[in-house]
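Results of the structural survey
Letter by letter, the chains look like this.
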Amino acid sequence: MCIGTAPGAAPTASRRALRPEAAPRQARLSAPADLGAHERAIGAALRVYLPPGKALELRLTNNHYSMISVRRKPDGYRLRLHRMFIGAEPRIVRALSRYVVHNDRRASQVLGAYIDGHQHIIKKQPRKPRQINLRTAGVCHDLREIFDRLNVERFDSTLDARITWGPVAAHRARRSIKMGSFAVEDRIIRIHPVLDQPDVPAFFVAWIVFHEMLHGKHDIVRKGRRRIFHGPAFVDEERTYPDHERATAWERANLDRLLGG
Ligand SMILES: [Zn+2]
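To keep things clear, this report deals only with the structure shown in the data block. A quick note: this is a predicted structure, and the numbers were derived from the prediction, not measured. (Residues numbered from 1 in each chain as written. Predicted model: local features only at pLDDT ≥ 70, side-chain atom pairs only at ≥ 80, totals over all residues. Heavy atoms only, no water.)

**What to know about the coordination of the zinc ion**
Defined as follows: Donor atoms (N, O, S) are those found within 2.8 Å of the metal centre, with the cutoff raised to 3.2 Å for Na, K and Ca; water is not part of the atom list, so apparent gaps in a site can occur. Strands here are runs of E lasting at least two residues and helices are runs of H or I lasting at least four, both read from the DSSP assignment and numbered beginning at the N terminus.
Protein-derived coordination of the zinc ion comes from His211 (NE2), His215 (NE2) and His230 (NE2), at a distance range of 2.0 to 2.1 Å. Donor residues for the zinc ion, ordered by position in the chain, follow H-x3-H-x14-H. Of the two residues, His211 is situated in helix 8 (residues 202-217) and His230 in the loop between strand 9 (226-228) and helix 9 (232-239); the sequence distance between them amounts to 19 residues.

Here it is as structure tokens:
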């Protein structure tokens, strides 16, 4: 069981507005050497609430996505917890215990709110740059050019993301196709190479790129444990795109051909 979070897509202004007044400075100042002490302290606070005979194995993490993960075993619990929980108030510790022991729904909402209020701690962690080969020039369509043009026209040149053609998959008949994707972690847009064909119009490729760029602008909306990737603001902005009608009509008319590869 995991409670995850996906930082990275919110405009700075709204993130700043969400930042609570009194951020737990402790968490940011902790050197890794202190972690053992923090693990023992949080572990001791949690054990008070565990059923008798159940052990707790606690690790503090610095993950980007998984903030809480629990393995429930017959003899106890293995809990991996993000460092943002260092210094959490008793109310949060109690919610953690209810979540660990009972997978309690209300507790998971309390924890979700706590995680949302501590996003800045996740953002503080240095990000390991990953070596990724970007391939923007296709045979027929140049993704760099499309991205740069859309960034100027639609995003005031503020969208920070990279783009590449996705890997060429083995040929097979498909029932569906993911024409593009946006990886929140690396901020990389991948466009399916099946679109790099002379009879796929440039306006359609641009439409797919635009959709993925919107993912870079609009935060994923959280509703309880559900994550909504295309929230109302996303959908509204997508509809303002001049080629919206033309592109969706082209997709309907040509999808079968694309699937056939
Ligand atoms: Zn999407």
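Okay, back to it.
**A closer look at the sheet that holds strand 5 (residues 162-165)**
Rules: At least two DSSP bridges between two strands are needed for those strands to be called paired. Here, axes are lines fitted to C-alpha atoms. For helices the fit covers the stretch in contact, and angles between N-to-C directions go from 0 to 180 degrees. Here a residue-residue contact requires only that any non-hydrogen atoms of the pair lie within 4.5 Å.
One open sheet accounts for three strands, arranged 5-7-6; its pairing is mixed. The open sheet terminates on both sides in strands that have one partner only, identified here as strand 5 and strand 6 (180-183). Along the sheet, successive strands turn relative to each other by an average axial angle of 20 degrees, direction set aside. Against the sheet, helix 7 (residues 143-155) engages strand 5 and strand 7 (188-191), with an angle of about 145 degrees to strand 5. Contacting strand 5, strand 6 and strand 7, helix 8 crosses the sheet at an angle of about 20 degrees to strand 6.

**Here we look at the pattern of salt bridges**
What counts, and what does not: For this document, the term salt bridge refers to a Lys or Arg side-chain nitrogen within 4 Å of an Asp or Glu carboxyl oxygen. When a residue's accessible area, from a 1.4 Å probe over protein chains only, is under 20% of the maximum for its type it is buried; when over 50% it is exposed; and in between it is partly exposed.
Applying the stated criterion across every chain yields a total of eight salt bridges. Note that Arg149 and Glu153 form a salt bridge whose closest N and O atoms lie 3.5 Å from each other. Within this pair, Arg149 and its partner Glu153 are both found in helix 7, separated by four residues, close to a single helical turn. Overall, the relative accessible area of 36% leaves Arg149 in the partly exposed class. Asp243 serves as the salt-bridge partner of Arg246, at 3.1 Å between the closest nitrogen and oxygen. Overall, the relative accessible area of 48% leaves Arg246 in the partly exposed class.

**Describing the nonpolar core**
Heads up, the condition is: Nonpolar core, defined: a set of buried Ala, Val, Leu, Ile, Met, Phe, Trp, Tyr and Cys residues in which side-chain atoms within 4.5 Å join the residues together.
If you look at the biggest cluster of nonpolar residues, it comprises 35 residues, and the most contacted ones within it are Leu150, Ile189, Ile191, Leu195, Phe204, Val209 and Met213. Those elements giving two or more residues to this core turn out to be helix 7, strand 5, strand 7, helix 8 and helix 10 (244-260). It is helix 8 that provides the largest number of residues to this core, a total of ten residues. The residues touching Phe204, leaving out its near neighbours within four places in the chain, are Met179, Leu195, Ala247, Trp250 and Glu251. Counting 30 residues, the second largest nonpolar core, distinct from the first, contains Met84, Phe85, Leu96 and Tyr114.

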